[in-house]
Amino acid sequence: MKVFYSKDKQPRKRLDPKTAKLKAADFCAYQERSQQEVRDKLYTYGLHEEEVEEAIAELIIDGFISEERFAKTYAGGKFRVKGWGKRKIIQGLKQHKISEYCIKIAMQEINPEDYYSTLVKHAEKKLPTIKSTSDYIRKGKLTQHLIAKGFEMDLISEVVSDIVNNKMNDPS
């Protein structure tokens, strides 16, 4: 059996394509994976490009990998669990080399009302932590925070002005 070296310079034994495909199937069965994640994993088993692409094709046929299913799961999870905005989710999907078509389908999974209420929730949670008396600075810092969360600028502007103006006029 041939020995090759992984990224961390540790010697590894090269797996035969059949064994590597079985290990990749287990890897996919554990949770949804993108084609790129599986491709990277197969390369760590010492497979060559043709073997990797053949294994990927077989895993797709067997239903272990679905780009559309991965995109929907990723988008839904990042939105519901981490509260990410659409821009950050799209960026993450592009890093996984997901097609524009699947990204578009994944974005349709996010309910617009839930999306807006998540944005408001983030803004209301962050505003009390901003230590400044200037409305201008508070709006700027809140806007930066919401941009980092991945929300769109038009929605951010609307929510920030509503929240900052209401909090400043609220006597409590």
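The coordinates are above.
To keep things clear, this report deals only with the structure shown in the data block. Bear in mind that the values here come from a model prediction, so they are computed numbers and not experimental data.

Scoring rules and cut-offs
- Residues numbered from 1 in each chain as written.
- Predicted model: local features only at pLDDT ≥ 70, side-chain atom pairs only at ≥ 80, totals over all residues.
- Heavy atoms only, no water.
- Phe/Tyr/Trp six-rings, centres within 6.5 Å; stacked < 30°, edge-to-face > 60°.
- Helix = DSSP H or I, 4+ residues; strand = E, 2+ residues; numbered from the N terminus.
- Buried < 20%, exposed > 50% of the residue type's maximum accessible area, 1.4 Å probe, protein only.
- Lys NZ or Arg CZ within 6 Å of the ring centre and 35° of its normal.
- Axes fitted to C-alpha atoms, helices over the stretch in contact; angles between N-to-C directions.
- Parallel < 35°, antiparallel > 145°, perpendicular 65-115°, else oblique.
- Left-handed = near helix turned anticlockwise from the far one by under 90°.
- Contact = heavy atoms within 4.5 Å.
- Nonpolar A, V, L, I, M, F, W, Y, C, P; charged D, E, K, R; others polar.

1. Some words on the packing of aromatic side chains
(1) Moving on: Considering all chains together, one arrives at three aromatic pairs under this definition.
(2) Moving on: Pairing Phe70 with Tyr74 gives two aromatic rings, centres 5.7 Å apart and planes at 35°, and the pair type is tilted. Here Tyr74 and Phe70 lie together in helix α4 (residues 67–80), a separation of four residues that amounts to about one turn. Each member of the pair Phe70 and Tyr74 is classed as buried.
(3) Moving on: Between Tyr115 and Phe151 the ring centres are 5.2 Å apart and the planes differ by 50°, which places this aromatic pair in the tilted class. With Tyr115 in helix α7 (residues 112–126) and Phe151 in the loop between α8 (135–148) and α9 (153–169), this pair connects stretches of sequence that are 36 residues apart.
(4) Moving on: The buried category is assigned to Tyr115, whose relative accessible area is 3%.
(5) Moving on: Residue Phe151 is classed as buried on the basis of its relative accessible area, which comes to 0%.
(6) Moving on: Linked through ring pairs, Phe79, Tyr115 and Phe151 together constitute an aromatic cluster.
(7) Moving on: One Lys or Arg, Lys41, reaches over the ring of Phe27 and ends 5.0 Å from the middle of that ring.

2. Considering unusual backbone geometry
(1) Moving on: Phi angles above zero are rare outside glycine, and Lys97 is one such case at about 60°.
(2) Moving on: Of note, Lys97 is situated in the loop between α5 (86–95) and α6 (100–107).

3. Some points on the packing of α4 against α6
(1) Moving on: One can describe the packing of α4 onto α6 by two numbers: an axis separation of 8 Å at closest approach and a directional angle of 40°. Classed by the angle they form, the pair α4 and α6 counts as oblique. Where α4 crosses over α6, the two elements pack in a sense that is right-handed. Touching Glu67, Glu68, Ala71, Lys72 and Ala75 of α4 are Tyr101, Cys102, Ile105, Ala106 and Met107, all from α6.
(2) Moving on: For the contact of α4 with α6, the class distribution of residues is seven nonpolar, no polar and three charged.

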